[in-house]
Number of protein chains: 2
Amino acid sequence: MSLKHAILGFLSFQPMTGYDLKKAFDHSVQFFWPANQSQIYRTLADLNEEGLVKLEIIAREERLDMKIYHLTIAGQAEFHRWLSTPLPHQDYREAFLIQVYFGGKIGDPETILLLQHMIQDVESALAQLVAMYQIYMEKIEQADARRDLFFNMLTLEYGISSNQAALNWLNSVQDRLKAGSYSPLELKDLTR
Amino acid sequence: MSLKHAILGFLSFQPMTGYDLKKAFDHSVQFFWPANQSQIYRTLADLNEEGLVKLEIIAREERLDMKIYHLTIAGQAEFHRWLSTPLPHQDYREAFLIQVYFGGKIGDPETILLLQHMIQDVESALAQLVAMYQIYMEKIEQADARRDLFFNMLTLEYGISSNQAALNWLNSVQDRLKAGSYSPLELKDLTR
DNA sequence: CTGTCCATGTAAGGCGTTACATGATTGT
DNA sequence: ACAATCATGTAACGCCTTACATGGACAG
C-alpha cells in the first residue's frame, strides 16, 4: 500500500496533522500519487490501529481536537523496509489508448480532435512540471539538504521526460493522420 | 467508464462470449487496460441491463448456458459517442516514484538495487512490446485492414516510446548514483 | 489420467472518489 | 462582509483484485 508508506515518509521528516499531510501531498508527490483528504484521514486511522503512528491530541474548546501524528519506532522500521524493497510490477491504465486502439472505427478528423485535446493536456502538465523543476533548480544551488532535494527532483525528471515522450508521439501521430499516411514508425526510431 | 467502452469496441467487430472477450483483452489492450475475468462478466451484465448489448443464449445440457453478446443499436451509438469525445484528465500513479522521492532516506546502494529491479521490469515490458510490434509489422505489409492495424500499432508505439523514455531515465539515475553525483539534469536535455 | 482449454459465474475485500458536514480564524 | 484557510471527519458509491466454485472436452 503506497499511500500508507508515502504518509509514513512525510511523517519521517516531521510530525504533522492530516491537514498538513494533504498539503504536503499536493505540493510534492501529487503528480504521481494524488491523495484526497478523506483518504488521508482514513489511512491515518488505519496506521494508528497498526501502531505505525501515534497521535498527540491537542484539545481546543469549541472545536474538534487537533491531532498531530508522529511516527512510532515500528512505523519508522516499516517505512525503511518498504523503501528498500522492490515493488511488484504495477499495471497501468491509459483510457486514451483505448480510443486510439479503436481509432479505425471513426474518421481521421475526429481522431485528430482527440489528439489535439490530449496534446493540450500533456503540454499543460509538462509546463507545470517544468515550472516546478526550475524552482527546485534554484533551491538546490545553495542548499544544505542537497541530497534530499536531488531525489525529489528525480521524480520531476521522470515526469518531464515521460510527458515529453508522450508529446512527441502525439505530434507524430497527428502529423501522419494529417498527411493521410497510415505508416507505423520504424522500431529503431522508437527505441532510443 | 473505459472498460465498458473497450468491451463495446471489441463487440463492434463481432459478437463474442465473455470468455472470448477476456482473450481479446489479453492479446491486445492488456498493457494499457488489463481486465480480469470476473470484471468482464460483471460489466457485461451491466451493459445488458443498460440495453447496450443483447445476448444470444445457447443452451448446453449439463453445463452452464453459453452466452454470446451482441452490440445493440444503442450500444453502437454509445460506443461512437464515447470514441469521439475527449476524456477528462486522468490521474496516474507510480508507486515506484514514491520510493525515489524518499530516496534520500536510505543509502545509495539500496536505491541502486531498486533501480536495477525496475530496469529489469521495464526492459522485459519493452521486449514484449517490441515483439508484438514486429508481428504487427509483418501483418501490416500485406493487409486489407491496413488502417485498423495502423491504429492498433499506434498504441504499441506509445508503449514502446514511453517505456524507452523510462528506461533512459532509470539508466541515467543509476549512472549518477554510481558516480556519487547528485546533479539534476539540464532542462534542455529533458525536453526533446 | 492429468492438465489445459472452454465457459460460466459469486463473494469479499481494498483502494479511491465525491459529496456532505461543521466551525473558528485570518485576510481583503 | 465575504472568502479563503485551518482542521476535522462520515457516508456512499465505483472499480478492480483475489479467491472460490463448477464441469465438460480434448490432448499428451
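Residues numbered from 1 in each chain as written. Chains lettered and ligands numbered in written order. Predicted model: local features only at pLDDT ≥ 70, side-chain atom pairs only at ≥ 80, totals over all residues. Heavy atoms only, no water.

Explain the overall build of chain A to me, please; I cannot follow it from the model alone.
For chain A, the helix and strand inventory stands at eight helices and two strands. Mapped from its N terminus to its C terminus, chain A presents α and β elements in the order α-α-α-β-β-α-α-α-α-α. Here the C-alpha radius of gyration of chain A, 22 Å, is well above what a compact globule of 192 residues would show, namely 16 Å. Of all 192 residues assigned to chain A, the portion counted as buried reaches 49%. (Helix = DSSP H or I, 4+ residues; strand = E, 2+ residues; numbered from the N terminus. Rg over C-alpha atoms; globule rule 2.2 N^0.38 Å. Buried < 20%, exposed > 50% of the residue type's maximum accessible area, 1.4 Å probe, protein only.)

Is there a simple way to explain the protein's contact with DNA strand D in this structure?
In the vicinity of DNA strand D, 24 residues are found, and the nearest of them are Tyr-19, Gln-37 and Lys-67 of chain A together with Met-1 and Gln-39 of chain B. Between a phosphate oxygen of DNA strand D and a side-chain N or O atom of Tyr-41 of chain A, the distance comes to 2.7 Å. Arg-93 of chain A is positioned with one of its side-chain polar atoms (N or O) 2.8 Å from a phosphate oxygen of DNA strand D. Each residue belonging to the surface near DNA strand D can be placed in one class, and the counts come to eight nonpolar, seven polar and nine charged. (Near = heavy atom within 4 Å. Polar contact = N/O pair within 3.5 Å; in protein donor to acceptor, adjacent residues only side chain to side chain. Nonpolar A, V, L, I, M, F, W, Y, C, P; charged D, E, K, R; others polar.)

Can you help me understand the protein's contact with DNA strand C in this one?
Near DNA strand C lie 23 residues; those nearest to it are Met-1 and Gln-39 of chain A together with Gln-37, Tyr-41 and Lys-67 of chain B. Among the atoms of DNA strand C close to the protein, meaning within 4 Å, 64% are from sugar or phosphate groups. One of the side-chain N or O atoms of Lys-67 of chain B is found 2.3 Å from a phosphate oxygen in DNA strand C. A distance of 2.7 Å separates a phosphate oxygen of DNA strand C from a polar atom in the side chain of Arg-93 of chain B. Those elements that provide at least two residues to the surface near DNA strand C are α3 (37–49) of chain A together with α2 (18–27), α3 (37–49) and β2 (66–71) of chain B.

Explain the packing of α2 of chain B against α3 of chain B to me, please; I cannot follow it from the model alone.
The relative placement of two packed helices is expressed as an angle between their axes plus a distance between the axes. Residue and element names in this part refer to chain B. At a closest axis distance of 10 Å, the pairing of α2 and α3 adopts a crossing angle of 125°. Considering their axes alone, α2 and α3 lie oblique with respect to each other. Seen from above, α2 lies across α3 with right-handed handedness. Counting all contacts with α2, which are made through Gly-18, Tyr-19, Leu-21, Lys-22 and Phe-25, the residues of α3 involved are Gln-37, Ile-40, Tyr-41 and Leu-44. Looking at the contact of α2 with α3, its residues break down into six nonpolar, two polar and one charged. (Axes fitted to C-alpha atoms, helices over the stretch in contact; angles between N-to-C directions. Parallel < 35°, antiparallel > 145°, perpendicular 65-115°, else oblique. Left-handed = near helix turned anticlockwise from the far one by under 90°. Contact = heavy atoms within 4.5 Å.)

Teacher, can you tell me more about the layout of surface pockets here?
Regions of empty space are outlined by a rolling probe, equal in size to a water molecule, passed over the atoms. Here the second largest pocket is characterised by a volume of approximately 540 Å³. Around the second largest pocket, the lining is made up of 20 residues, and of these Ala-165 and Arg-192 of chain A together with Ala-165, Asn-168 and Arg-192 of chain B lie nearest the centre. Taken together, the elements giving at least two residues each to the lining of the second largest pocket come down to α7 (146–178) and α8 (187–190) of chain A together with α7 (146–178) and α8 (187–190) of chain B. Considering only residue class, the lining of the second largest pocket consists of eight nonpolar, eight polar and four charged. (1 Å grid on protein atoms, 1.4 Å probe; cavity = no way out; pocket = protein on both sides within 12 Å on 5 of 7 lines; lining within 4 Å. Points joined across faces, edges and corners; volume = space filled by probe spheres on them.)

Please clarify how the environment of Ile-98 of chain A should be interpreted in this entry.
Residue and element names in this part refer to chain A. Relative to the assigned elements, Ile-98 resides in helix α5 (residues 95–101). The class for Ile-98 is buried, based on a relative accessible area of 0%. Ile-98 sits 55 residues away from Met-153 along the chain, and the two C-alpha atoms are 31 Å apart.

Is there a simple way to explain the interface of chain B and chain A in this structure?
Interfaces are often described in size by the accessible area the parts lose on coming together. Facing 82 residues of chain B, the contacting portion of chain A comprises 83 residues. Summed over both partners, the interface of chain B with chain A buries about 8,200 Å², with 68% contributed by carbon and sulfur atoms. Scanning the region where chain B abuts chain A turns up four salt bridges. Across the pair Glu-157 of chain B and Arg-176 of chain A runs a salt bridge whose closest N-O atoms are separated by 2.7 Å. Linking chain B with chain A are 43 residue pairs in polar contact (both at pLDDT 80 or more), by the criterion used here. Breaking the side of chain B that touches chain A down by element, the ones donating at least two residues are α1 (2–13), α4 (73–83), α5 (95–101), α6 (108–141), α7 and α8 of chain B. Counting residues per element, the side of chain B that touches chain A draws most heavily on α7 of chain B, which supplies 21 residues. (Buried area = accessible area lost by both parts, 1.4 Å probe. Salt bridge = Lys/Arg side-chain N within 4 Å of Asp/Glu carboxyl O.)

Sorry, what's going on with the relation of the copies chain B and chain A here?
Applying a rotation about an axis and a shift along it to one chain copy brings it onto the other copy. Rotating chain B by 180° about the axis while translating it 0.0 Å along that axis superimposes it on chain A, leaving an RMSD of 0.1 Å. Here the symmetry operator amounts to a two-fold rotation axis. Residue by residue, 100% of the interface of chain B is reproduced at the interface of chain A, so both copies engage with the same surface. (Least-squares fit on C-alpha atoms with pLDDT ≥ 70 in both.)

Quick question: what am I supposed to make of α1 of chain B here?
Every α-helical turn comprises 3.6 residues, leaving residues that sit three or four positions apart pointing alike. Taking 1.5 Å as the rise per residue, α1 of chain B with twelve residues should run 16 Å; its terminal C-alpha atoms sit 17 Å apart, in good agreement. Where burial is concerned, most of α1 of chain B is hidden: eleven out of the twelve residues are buried. Every buried residue belonging to α1 of chain B is among Ser-2, Leu-3, Lys-4, His-5, Ala-6, Ile-7, Leu-8, Gly-9, Phe-10, Leu-11 and Ser-12 of chain B, and all of these are buried. Buried residues in α1 of chain B make contact with α5 of chain A together with α2, α3, β1 (53–58), β2 and α4 of chain B. (Expected span 1.5 Å × (residues − 1).)

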